[in-house]
Amino acid sequence: MTFQQFLLILKARRWIISAILAGVVLLTLAISLLLPKQYTATASLVVDMKTTDPLLGAPQALMGYLATQIDIIGSERVALRVVALTRMNQVSSLREQWRDETKGIGGDSGFLVWLAALLQKQLDVRPSTIRESNVINVSYRGPDPTFAAAIANAFSQAYIETNLELKVGPAQQYAQWFSDQTKEVREKLEVAQRKLSAYEQEHGILAGDGRFDVENQRMADLNAQLSMAQGQGADSRSRQSQIASAESLPEVMANPVVASLKTDLARLETERSQLSERLGPNHPMIRELNERIAEQRQRVAAETQRVASSLGTTSRISTERIKEITDEIEKQQARVLELKKHRDQLAVLQRDIENAQKAYDLVTQRLAQTNLEGQMQQTNISVLTPATPPLEHSSPKVVLNTIIAVFLGTLLGIGVALLLELRDQRVRGSEDLMQNKDVPLIGIIPGLKKKSRSGFRLRRLAAA
């Protein structure tokens, strides 16, 4: 079918199309005028999603937050709160209507759910059309403008109260749980402190008193004394082995008595040498000096022997001192090991106390925080614009319905015309003859524009 054929069909069937269009438009106008008028009241709410939590200081989650709030507004919980705010459950006519529809199934709770569902049917919750806007529009449609505005405002108020309950309710539950946990962790802390105190009293040691450091220092001092004594003992043994040449020992050479005796001996020998130049060896003076020199040498030898013999005593003393210090080191080492064992056990008990203290501090902090959250009466939802009774009805929209009726009536008329044309085909132009192979085309008479009103029936022409 060409476009020209389509236009010829519309022209031939124009009265049918016009009749169908007029019928649809008139029917739509009648229905629009007969339908009861509905009024839509809208309240605007602003949701502050960029603020931080007043207690935690952390930013609130934004992903899906606005969509969640829209679902909350349209929920049954909010609708039930609206019923309570407006006291619709006290309206006898609504209760009778509920009984007629549901036979009274469910009792009072069923009646409340039925009212909530009735309100939800006329509720429309949508975000603002402006991109990235945090405004939510709550619209309610009803037969009375004042009633519609009251219900829209009631939904706004119910949503704000429900939003606050959703924040405060879990916080109060957490506060009760943390309160119970506080008692438990406090008992654990007290048990750990009692264990530490009992251990300190049992072993007579205090955590952090520094005794371990003192004993360690004493252990180091004993080791230093042992090293010194061992050095002195080795030195004494070395000198004791040199007793055969005692005169060359440093102790002997440094002894003042020995030095004095040797000085007197040298003086006597000098005097004898001088006298020997003038007197003979048998002179009484020479003989006296010889006796005195011999006596002096004996005294030097005796003193030297005494000093040398004292080295053996020093060696024995050093050996005994080394043994005493070694015994002290062994005792001190045992004492240090015992203190180390106590210190390690005290460290374990102290760590138990620290862990219990940390747990107690954390639980008490969370308890205080959840208590504040449970007492908070602030929400991030605010009423931007309350609903007011609309001056004009929102439905039925006569102009819009008429435009739609014209469009649909035109389509319906064209469709009916095409169906009629398919059932009873007629020759509307030369294209119809050319497309029908069963009818030979002899020629086209130019200038013949006016055809019969109904056109030639194609089947009759084909039969002829």
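A quick note: this is a predicted structure, and the numbers were derived from the prediction, not measured.

Analysis parameters
- Residues numbered from 1 in each chain as written.
- Predicted model: local features only at pLDDT ≥ 70, side-chain atom pairs only at ≥ 80, totals over all residues.
- Heavy atoms only, no water.
- Helix = DSSP H or I, 4+ residues; strand = E, 2+ residues; numbered from the N terminus.
- Buried < 20%, exposed > 50% of the residue type's maximum accessible area, 1.4 Å probe, protein only.
- Contact = heavy atoms within 4.5 Å.
- Areas by Shrake-Rupley, 256 points an atom, 1.4 Å probe, with all protein chains shown as cover.
- Patch = residues over 30% accessible without salt bridge, like charges linked within 9 Å, V, L, I, M, F, W, Y side chains within 5 Å.
- Salt bridge = Lys/Arg side-chain N within 4 Å of Asp/Glu carboxyl O.
- Lys, Arg positive; Asp, Glu negative; His and termini not counted.
- Charge placed at Lys NZ, Arg CZ, Asp CG, Glu CD.
- Pairing = 2+ DSSP bridges.
- Axes fitted to C-alpha atoms, helices over the stretch in contact; angles between N-to-C directions.
- Core = buried A, V, L, I, M, F, W, Y, C linked by side-chain atoms within 4.5 Å.
- Expected span 1.5 Å × (residues − 1).
- Phe/Tyr/Trp six-rings, centres within 6.5 Å; stacked < 30°, edge-to-face > 60°.

Observations concerning the overall build of the protein
Okay, so step 1: A tally of regular secondary structure across the protein gives 14 helices and six strands.
Okay, so step 2: Burial status across the protein gives 30% buried among its 464 residues.
Okay, so step 3: In the protein, of all internal contacts separated by at least 6 residues, the share reaching a separation of at least 24 is 79%.
Okay, so step 4: Summing over all exposed atoms, the protein offers an accessible surface of approximately 30200 Å²; the carbon and sulfur share of this is 56%.

Re a negative patch on the surface
Okay, so step 1: Together, E271, E288, E291 and E295 make up a region of like negative charge exposed at the surface.
Okay, so step 2: Here the element with the most residues in the negative patch is helix α11 (residues 284-375); it accounts for three residues.
Okay, so step 3: Along the polypeptide, E288 turns up in helix α11.
Okay, so step 4: Judged by relative accessible area, E288 falls into the partly exposed class, the value being 44%.

Examining the sheet that holds strand β3 (residues 135-142)
Okay, so step 1: Overall, antiparallel pairing links the four strands, which are arranged β2-β3-β1-β4 in an open sheet. The strands lining the two open edges of the sheet, one partner per strand, are β2 (123-127) and β4 (381-385). Direction aside, neighbouring strands of the sheet carry axes that sit 30° apart on average.
Okay, so step 2: Of the pairings in the sheet, the one linking strand β1 (residues 39-47) to β3 comprises eight bridges and is antiparallel in character. Bridge pairing in β3 links L45 to I136.

Quick word on the pairing of β3
Okay, so step 1: Most of β3 sits out of view: six of its eight residues are buried.
Okay, so step 2: Note that β2 and β3 share five bridges and pair antiparallel. The residue of β3 that forms the bridge with P127 is I136.

A word on the nonpolar core
Okay, so step 1: V47, L119, I136, Y140, F155 and Y159 are the most contacted members of the largest nonpolar core, which has 38 residues in total.
Okay, so step 2: Put simply, the parts of the chain that give this core at least two residues each are β1, α3 (65-73), α4 (76-86), α5 (92-102), α6 (107-121), β2, β3 and α7 (145-203).
Okay, so step 3: When residues of this core are assigned to their parent elements, the largest contribution, nine residues, is made by α7.
Okay, so step 4: When near neighbours in sequence (up to four residues on either side) are disregarded, Y159 contacts L45, V47, Q69, I72, I73, V78 and I381.
Okay, so step 5: Counting residues in hydrophobic clusters, the runner-up holds 10 residues, among them I205, L339, I353 and A356.

What to know about a nonpolar patch on the surface
Okay, so step 1: Taken together, L400, I404, F407, L408 and L411 make up a surface patch of nonpolar side chains, about 470 Å² in accessible area.
Okay, so step 2: Position of L411 among the secondary structure elements: in helix α12 (residues 398-423).
Okay, so step 3: Judged by relative accessible area, which is 45%, L411 ranks as partly exposed.

A short note on α6
Okay, so step 1: A rise of 1.5 Å per residue sets the reference length of α6, with its 15 residues, at 21 Å; its end C-alpha atoms lie 21 Å apart and thus fit the reference within 8%.
Okay, so step 2: Every buried residue belonging to α6 is among G110, F111, W114, L115, A116 and L119, and all of these are buried.
Okay, so step 3: Those residues of α6 that are buried lie in contact with α4, α5, β2, β3 and α7.

Thoughts on the packing of aromatic side chains
Okay, so step 1: One pass over the structure, following the stated rule, counts four aromatic pairs.
Okay, so step 2: Both rings, one in F111 and one in W114, keep their centres 6.3 Å apart while their planes meet at 20°; by these two values the pair is stacked. On the criterion of helical spacing, the pair formed by F111 and W114 is a turn pair, its members being three residues apart in helix α6.
Okay, so step 3: Look at F111 and you get buried, because its relative accessible area is 1%.
Okay, so step 4: Ring geometry for Y140 and F147: centres 6.1 Å apart, planes at 75°, overall edge-to-face.
Okay, so step 5: What links up through ring pairs into an aromatic cluster is the set W98, F111 and W114.

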